[in-house]
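Chain residues, written in single-letter form:
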Amino acid sequence: MYDWDTDDDTKPGAEDTFRENDKRLGSKLLNYHGLSALNTTMFPTWDSFFTQLLEQPDTVLMISTPKDVGRRHYSEIDIDIEPARLCTRILSVREQIARELTGDLKAIAKMGEQIFASYLHNRKNRKDTKQSAGSGNKDEESTLFAFDRPSTFYVTFDPSDDDAFAPSPLRKGNFDLLYNLITQQAVVQLLKDGVVMGEDEAQNKVCSAFLEQYYKDRLETHFIGSQWYGKGDDFIEGLMLSSPLIITRSEKEQQDEDSKAIGAQTLEIEPLRIAEQILLKRDKLALDWMAIMQDVPSDHTEIRKAQLNRLTGKTEADPVKIVLDEWQ
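What you are looking at is a predicted structure, and each value in this text was computed from that prediction instead of being measured. (Residues numbered from 1 in each chain as written. Predicted model: local features only at pLDDT ≥ 70, side-chain atom pairs only at ≥ 80, totals over all residues. Heavy atoms only, no water.)

Caption draft 1: Examining the environment of Asp233 more closely. For Asp233, the position within the fold is in helix H7 (residues 231–240). For Asp233 and Asn180, which are 53 residues apart along the polypeptide, the C-alpha to C-alpha distance reads 8.0 Å. (Helix = DSSP H or I, 4+ residues; strand = E, 2+ residues; numbered from the N terminus.)

Caption draft 2: Main features of the pattern of salt bridges. Scanning all chains against the criterion turns up 12 salt bridges. The shortest N-O distance in the salt bridge between Arg310 and Asp58 comes to 3.0 Å. Highlighted residues: Arg310 in helix H12 (residues 301–312) and Asp58 in strand S2 (residues 58–64), separated in sequence by 252 residues. The pair formed by Arg310 and Asp58 is uniform in burial state, with each residue classed as buried. As a salt-bridge pair, Asp234 and Arg149 come within 2.5 Å of each other at their nearest N and O atoms. Taken together, the residues span a long stretch of sequence, with Asp234 in helix H7 and Arg149 in the loop between helix H3 (83–125) and helix H4 (171–193) at a distance of 85 residues. Given the relative accessible area of 19%, Arg149 is considered buried. (Salt bridge = Lys/Arg side-chain N within 4 Å of Asp/Glu carboxyl O. Buried < 20%, exposed > 50% of the residue type's maximum accessible area, 1.4 Å probe, protein only.)

Caption draft 3: Quick peek at H3. Counted at 1.5 Å a residue, the expected span for H3 with its 43 residues is 63 Å, and the 58 Å between its end C-alpha atoms agrees. Met111 marks where H3 bends most, by close to 35 degrees. (Expected span 1.5 Å × (residues − 1). Bend = angle between axes of the 7 residues up to and from the residue.)

Caption draft 4: Local environment of the nonpolar core. The biggest cluster of nonpolar side chains holds 45 residues, and the ones touching the most others in it are Met240, Ile274 and Ile278. For this core, the secondary structure elements donating two or more residues are H3, H4, helix H5 (201–217), H7, strand S6 (266–269) and helix H10 (271–294). For this core, the element with the most residues is H3, which contributes 10 residues. Setting aside chain neighbours within four positions, we find Ile274 in contact with Leu190, Val195, Met197, Cys207, Phe210, Leu211, Leu239 and Ile269. By size, the runner-up hydrophobic cluster in this structure holds 7 residues, among which are Phe50, Ala84, Cys87 and Ile303. (Core = buried A, V, L, I, M, F, W, Y, C linked by side-chain atoms within 4.5 Å. Contact = heavy atoms within 4.5 Å.)

Caption draft 5: Quick peek at the side chain of Asp176. Examined against the element boundaries, Asp176 turns out to sit in helix H4. Arg149 provides the closest opposite charge to the buried, salt-bridge-free Asp176, at an N-O distance of 7.7 Å. (Lys, Arg positive; Asp, Glu negative; His and termini not counted.)

Following this line, the structure appears as structure tokens:
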């Protein structure tokens, strides 16, 4: 078994080792499924990446096979890298993804209603027994599902439709990331606007505090870094299945004139109603984001102008950077 940590590449089969090492390195990027991966310090705005890319000189990447594995007819390969042409390809992919996300957001805008309809249906048929049917373990708890997840069955591409665009390679992952991102943004906006359960300000405040703590407890496990699929639904489902809480008013709140008018000495937190407000906020966000996705080709106008100027205005005096690298 080859030790990846050693630097001895002279043993037989080293060439295959380099290729396998490539797969291992590349798979780290492909296996990452999460948000907040872009360096916003280096690229503070979405278009700053393209602006900096077009400022880079043309590059010739010279790849050579390590001498230890012997000479091959493909031992040295020159690859021309032109930032302007690379920019064109990235913009084309970005526009394709934007078209897909437009359809996704249209579907997400209707999923809130579907989720609650499924919840009400499942509540009637839900088994609250702690022992699964036919299970010999009395301590085993049956798994509760708040709703049938519409996101897991959502597909927009119809292979029989000749006019439909073929999906991008990471189609399923893009939808899940969008679903997770818009769920998180709906929670953040609801916390900013405040949860409204009624005219009692004290109840609204404790409900907002409950949601804030619930969100903080699940921030790293649901929204930050690489995550499993379906974390957006996990967050909503956990909230819908949470039990209501009863909190006693403080003495100051009991002496408040508004509290005396209401007459209640306790405050009730209803996670189900909080989840409903998140879904309503998410439905509205989906419609707003649809308009943004539809304007993506127009947003690329200035970048494409700069890219075209780079292609047509290139002279022989332009610097060419040569990078030497071994075939890894």
